[in-house]
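One letter stands for each residue in the lines below.
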Amino acid sequence: MTADPETTLRADARRNRDQILAAAKSIFATSGPEVPMEEIARAAGVGVGTLYRRFPDRDALVRAVAMDNFERVLIDAKAIAAEETSSWRALERLLRQSVALQLSVQLAMVSHRALVILKNDPEVRRLRDEILGVLDEFVDGAQAEGKLREDVGAGDIAILFATLLRQVRAKSPAVADLAARRCVGIMIDGLSARPGTELPGSPITAHDLDPEDHG
């Protein structure tokens, strides 16, 4: 019995698409979405023509990566919320799971090109807002527990995390990963409730990060 050619073709197409998305996610996370499409095709082990058949332009690839990644982060965030009885512990876990978060932050806040591509996409905005909504719940709960300092908001944490990840540079991926994890640990320590440096102004909220509110 031989496989149906059409079924085999569909399976090959899905495999190519998954390989391209995996390669793009890895490259975008470290270098941003401006990397040449040829480099993504090489990393995926496919030809440039195959890449463009699956994703006709860079905008389509950025959107597909964002959708896939935001969905995964949202699934993780909801799982953490269901598993943890402490909001502070849930917030810690969410921040430490920085591999997927790193790309989401890169796409949502750090890369200007990605912001232009994604900001008016209703599905991307829905997923982004859901993730920030879960983060808001963690922040409110952790503050109610007395574990998170009272003068920060979800927006402060998202901006701090984005800035941290954007600055991490190292000679090897292993060192970069270690540096990011160490910096997240220092960040979490600085977010804990205890006497510390008074912050200027009022907490930045998730709503303050809405790109449409700033033209």
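Check the entry above for the structure.
To start, this report covers the structure provided alongside it.

### Considering the pattern of salt bridges
Considering all chains together, one arrives at 14 salt bridges under this definition. A salt bridge links aspartate 121 to arginine 63, with the nearest nitrogen and oxygen atoms 2.3 Å apart. Here arginine 63 lies in helix H4 (residues 58-83) and aspartate 121 lies in the loop between helix H7 (112-118) and helix H8 (122-144), a separation of 58 residues in the sequence. Of the residues examined, aspartate 121 reaches a relative accessible area of 12% and is grouped as buried. One salt bridge connects glutamate 123 with arginine 126, and the closest N-O pair in it is separated by 3.0 Å. A residue pair is termed a helical-turn pair when its members lie 3 or 4 positions apart in one helix, as glutamate 123 and arginine 126 do in helix H8 at 3 residues.

### Details of the layout of surface pockets
Its boundaries defined by the atoms lining it, the second largest pocket holds a volume of some 310 Å³. Lining the second largest pocket are 20 residues, with Arg149, Val152, Leu160, Leu191 and Leu199 positioned closest to its centre. Elements supplying a minimum of two residues to the lining of the second largest pocket: helix H9 (154-167) and helix H10 (173-191).

### A short note on the environment of glycine 133
Among the structural elements, glycine 133 can be located in helix H8. Residue classification places glycine 133 among the partly exposed positions, given a relative accessible area of 29%. Note: C-alpha distance between glycine 133 and alanine 206 (73 residues apart in sequence) is 7.8 Å.

What counts, and where the lines are drawn
- Residues numbered from 1 in each chain as written.
- Predicted model: local features only at pLDDT ≥ 70, side-chain atom pairs only at ≥ 80, totals over all residues.
- Heavy atoms only, no water.
- Salt bridge = Lys/Arg side-chain N within 4 Å of Asp/Glu carboxyl O.
- Helix = DSSP H or I, 4+ residues; strand = E, 2+ residues; numbered from the N terminus.
- Buried < 20%, exposed > 50% of the residue type's maximum accessible area, 1.4 Å probe, protein only.
- 1 Å grid on protein atoms, 1.4 Å probe; cavity = no way out; pocket = protein on both sides within 12 Å on 5 of 7 lines; lining within 4 Å.
- Points joined across faces, edges and corners; volume = space filled by probe spheres on them.

Treat this as a map of the structure, not an account of what it does.
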